[in-house]
Amino acid sequence: MKTIHKAYKFRLKPDVEQCQQFARIAGVCRLVWNLCLEQRKVVYSSRRMPLNSYRQIPEVTQLRHEYDWLREIPSQVLQQKVCDLDVAYKNFFEGHADFPERKKKGQSVDSFRFPQGFKIDNRRIFLPKIGWIGFFKSRNIKGVPKHITVSRNGKHWFVSICCEVEIANAVPKNKAAGIDMGITKLCALSDGTVIENPNITKKYKDKLVKLQRRLARKKKFSKNFYKIKAKISRLHTRIANTRRDFTHKATTGIAKNHGLVVLEDLRVKNMSKSAKGSTDNPGKMVRQMSGLNRSILDAGWGEFRCQLEYKVGWANGIVVLVDPKNTSRRCPICGYTAKENRLTQADFVCVKCGYAADADVTAAVNILRAGHARLACGEIGAVRPLREAGTLKAA
Ligand SMILES: [Zn+2]
């Protein structure tokens, strides 16, 4: 048996007073976040001293003794917010995210977390200092709830229950796949499978543009202005949901059938940033690139990779990342590597031996081989369980 974490998200049914309490907690969390961020910045720039939650949580606790309105907020929630800042810093230093920003009312996502003190009773949940709240239970909760997060999306509040679930130790699958992430397609697999992109944004784009135009015509901060604004935010939610569902389906399918998945180590964050160009190197083709980057982010690569990593992990498989260099230019038959092999976006034609195939699938084959090479060199620690399950063979 092994333990995994699974999150269940439901829409809450708070009454008016509970809504106000949520908004108040969210507001104080924003304030605490901003204060702690500010303090870290100031202390670092003046004394070159990094601060973390161990230093800041006692100070927040001290403030709670001084201000009544701060005491009304559950202390664990505020502590969690400070810990979130640690995570944000870590993500920044590891290159996964931008430097943490100030949270602004109405612009940042409102959320706060309870690590303990909550209770779940069928269709309602108990939160410290708030009480019982009903929620729309759309599926059964399995496992032991470890912590819960309350968040706002548009005018609705949601609860996400993170559970520890025991799953049987799966026998890893013996199939391996290289995956080439695409722009027009979501991805291509080394066995020739191509998963198309849902291209959701295009579908909703007209609708979005229309709404934004209508918003521009409304008097600012009028009743109708907020009405349209709510409509826009609902549309954004729908787009995000559709995309997430699609990505989940694709990654579940891949993880179910493959014990080894090889991906290119694309720093999505870096790629989307580089289009802006720096001052010494004002990016060439900035416009084309920013269009490209938008579709990269559209395709949700980061999300895709993240889902694959945990789903393949649940099934006791492994995900290997390889250097993306030349994967789209090398001929898998004779090894000849040149950019002339790729004269069009869609086709691969080897200049030397004449091998011709779908360009993305060819890249996926190269990626898979690079993954095997990394494993053979013993660069990946988790190779043993797979070997025990049988020989890996390329799909
Ligand atoms: Zn060739």
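Residues numbered from 1 in each chain as written. Predicted model: local features only at pLDDT ≥ 70, side-chain atom pairs only at ≥ 80, totals over all residues. Heavy atoms only, no water.

Q: Can you tell me about helix α2 (residues 53-66), naming the residues and giving the values?
A: With 14 residues, α2 extends 20 Å between its outermost C-alpha atoms, agreeing within 8% with the 20 Å of an ideal straight helix rising 1.5 Å per residue. Where α2 is buried, its residues contact α1 (16-47), α3 (68-71) and α4 (75-93). Its side-chain oxygen at 3.1 Å from the backbone nitrogen of Tyr54, Asn52 defines the N-terminal cap of α2. (Helix = DSSP H or I, 4+ residues; strand = E, 2+ residues; numbered from the N terminus. Expected span 1.5 Å × (residues − 1). Contact = heavy atoms within 4.5 Å. Polar contact = N/O pair within 3.5 Å; in protein donor to acceptor, adjacent residues only side chain to side chain.)

Q: Residue-level account of the coordination of the zinc ion, with values.
A: Within the protein, the zinc ion binds to Cys331 (SG), Cys334 (SG), Cys350 (SG) and Cys353 (SG); these donor distances fall in the range 2.2 to 2.3 Å. Every donor counted, the four donor atoms about the zinc ion form angles of 107 to 113 degrees at the centre, which fits tetrahedral coordination. Positions of the donor residues of the zinc ion along the chain correspond to the pattern C-x2-C-x15-C-x2-C. (Donors = N, O, S within 2.8 Å, 3.2 Å for Na, K, Ca; no water. Tetrahedral: all angles 85-135°; square planar, octahedral: opposite > 155°, others 65-115°.)

Q: Residue-level account of the packing of α1 against α2, with values.
A: Relative orientation of the contacting elements α1 and α2 amounts to 130 degrees, with a least axis distance of 11 Å. By the angle between their axes, α1 is oblique relative to α2. The handedness of the crossing between α1 and α2 is right-handed. Seen from α1, the contacting residues are Val32, Cys36, Gln39 and Arg40; seen from α2, they are Ser53, Gln56, Glu59 and Val60. (Axes fitted to C-alpha atoms, helices over the stretch in contact; angles between N-to-C directions. Parallel < 35°, antiparallel > 145°, perpendicular 65-115°, else oblique. Left-handed = near helix turned anticlockwise from the far one by under 90°.)

Q: Could you give me a rundown of the side chain of Arg342, with the residues and numbers involved?
A: The residue Arg342 is located in the loop between β12 (318-322) and β13 (347-349) in this model. We note that Arg342 is buried and unpaired, the nearest opposite charge coming from Asp360 at a distance of 4.9 Å. Here the side chain of Arg342 touches Thr344 through a polar contact of 3.4 Å, landing on its backbone oxygen. Among residues more than four places away in sequence, those in contact with Arg342 are Ser328, Asp347, Phe348 and Ala359. (Buried < 20%, exposed > 50% of the residue type's maximum accessible area, 1.4 Å probe, protein only. Lys, Arg positive; Asp, Glu negative; His and termini not counted. Salt bridge = Lys/Arg side-chain N within 4 Å of Asp/Glu carboxyl O.)

Q: So what's going on with the sheet that holds strand β6 (residues 144-153)? Which residues, and what values?
A: Judged by pairing direction, the sheet is antiparallel, and its seven strands sit side by side in the order β2-β6-β7-β1-β5-β4-β3 without closing on themselves. Of all the strands in the sheet, just β2 (111-114) and β3 (119-121) have a single pairing partner and so form its edges. Neighbour-to-neighbour, the strand axes of the sheet open up by a mean angle of 35 degrees, direction not taken into account. Direction of pairing for β6 relative to strand β7 (residues 156-167): antiparallel, over a ladder of nine bridges. Its bridge partner lying in β7, Pro145 is registered against Cys163. (Pairing = 2+ DSSP bridges.)

Q: Residues and numbers for the nonpolar core, please.
A: Leu12, Phe22, Phe112 and Leu127 are the most contacted members of the largest nonpolar core, which totals 38 residues. Here this core gets nine residues from one element, more than from any other, and that element is α1. One finds Ile179, Cys187, Val261 and Leu263 within the second-largest nonpolar core, a separate group that totals 17 residues. (Core = buried A, V, L, I, M, F, W, Y, C linked by side-chain atoms within 4.5 Å.)

Q: Help me get a handle on the pattern of salt bridges, residues and values and all.
A: According to the stated counting rule, one finds 12 salt bridges in the structure shown. Ionic pairing is found between Asp84 and Lys81, a salt bridge with its closest N-O pair at 3.6 Å. Placement of both Asp84 and Lys81 in helix α4 is noted, with a separation of three residues, approximately one turn of the helix. Its relative accessible area of 19% is what places Asp84 among the buried residues. What makes Lys81 buried here is its relative accessible area of 6%.

Q: Describe the packing of aromatic side chains, naming the residues involved and giving the relevant values.
A: In the structure shown here, the tally under the stated rule is 16 aromatic pairs. With a centroid separation of 5.1 Å and 90 degrees between ring planes, the pair formed by Phe92 and Phe99 is classed as edge-to-face. The ring of Trp33 carries Lys103 above its face, with NZ or CZ at 4.1 Å from the centroid. Against the face of Trp132 rests Arg124, its NZ or CZ located 4.0 Å from the ring centre. (Phe/Tyr/Trp six-rings, centres within 6.5 Å; stacked < 30°, edge-to-face > 60°. Lys NZ or Arg CZ within 6 Å of the ring centre and 35° of its normal.)

Q: Which residues make up the environment of Ala188, and what are the values?
A: Following the sequence through the fold, Ala188 ends up in strand β9 (residues 185-189). Exposure remark for Ala188: the relative accessible area of 0% places this residue in the buried category.

Q: Account for the pairing of strand β1 (residues 2-13), with residues named and values stated.
A: Alignment of β1 against β7, held across 10 bridges, turns out to be antiparallel. Residue pairing in the sheet places Lys2 in a bridge with Ile167 of β7. Note: β1 against strand β5 (residues 131-135), two bridges, orientation antiparallel. Along β5, the bridge assignment pairs Lys13 with Gly134.

Q: I'd like to hear about the pairing of strand β11 (residues 260-264), residue by residue, with values.
A: With five of five residues buried, β11 is to be regarded as a mostly interior element. Of the two faces of β11, the one lined by Leu260, Val262 and Glu264 and the one lined by Val261 and Leu263 are each fully buried. Judged from the four bridges that link them, strand β8 (residues 175-181) and β11 form a sheet pairing that is parallel. Residue pairing for β11: Ile179 is matched across the bridge by Leu263. Taken together, the five bridges between β11 and β12 define a ladder with parallel strand orientation. Note on β12: the bridge partner recorded for Leu260 is Ile318.

Q: Now, about the environment of Arg244: what can you tell me, with residues and values included?
A: On the secondary structure map, Arg244 appears in helix α6 (residues 223-257). A relative accessible area of 38% places Arg244 in the partly exposed class. For the pair Arg244 and Phe304, spaced 60 residues apart in sequence, the C-alpha to C-alpha distance is 8.9 Å. Sequence-distant contacts of Arg244, that is, excluding residues within four places in its chain, are made with Glu303 and Gln307.

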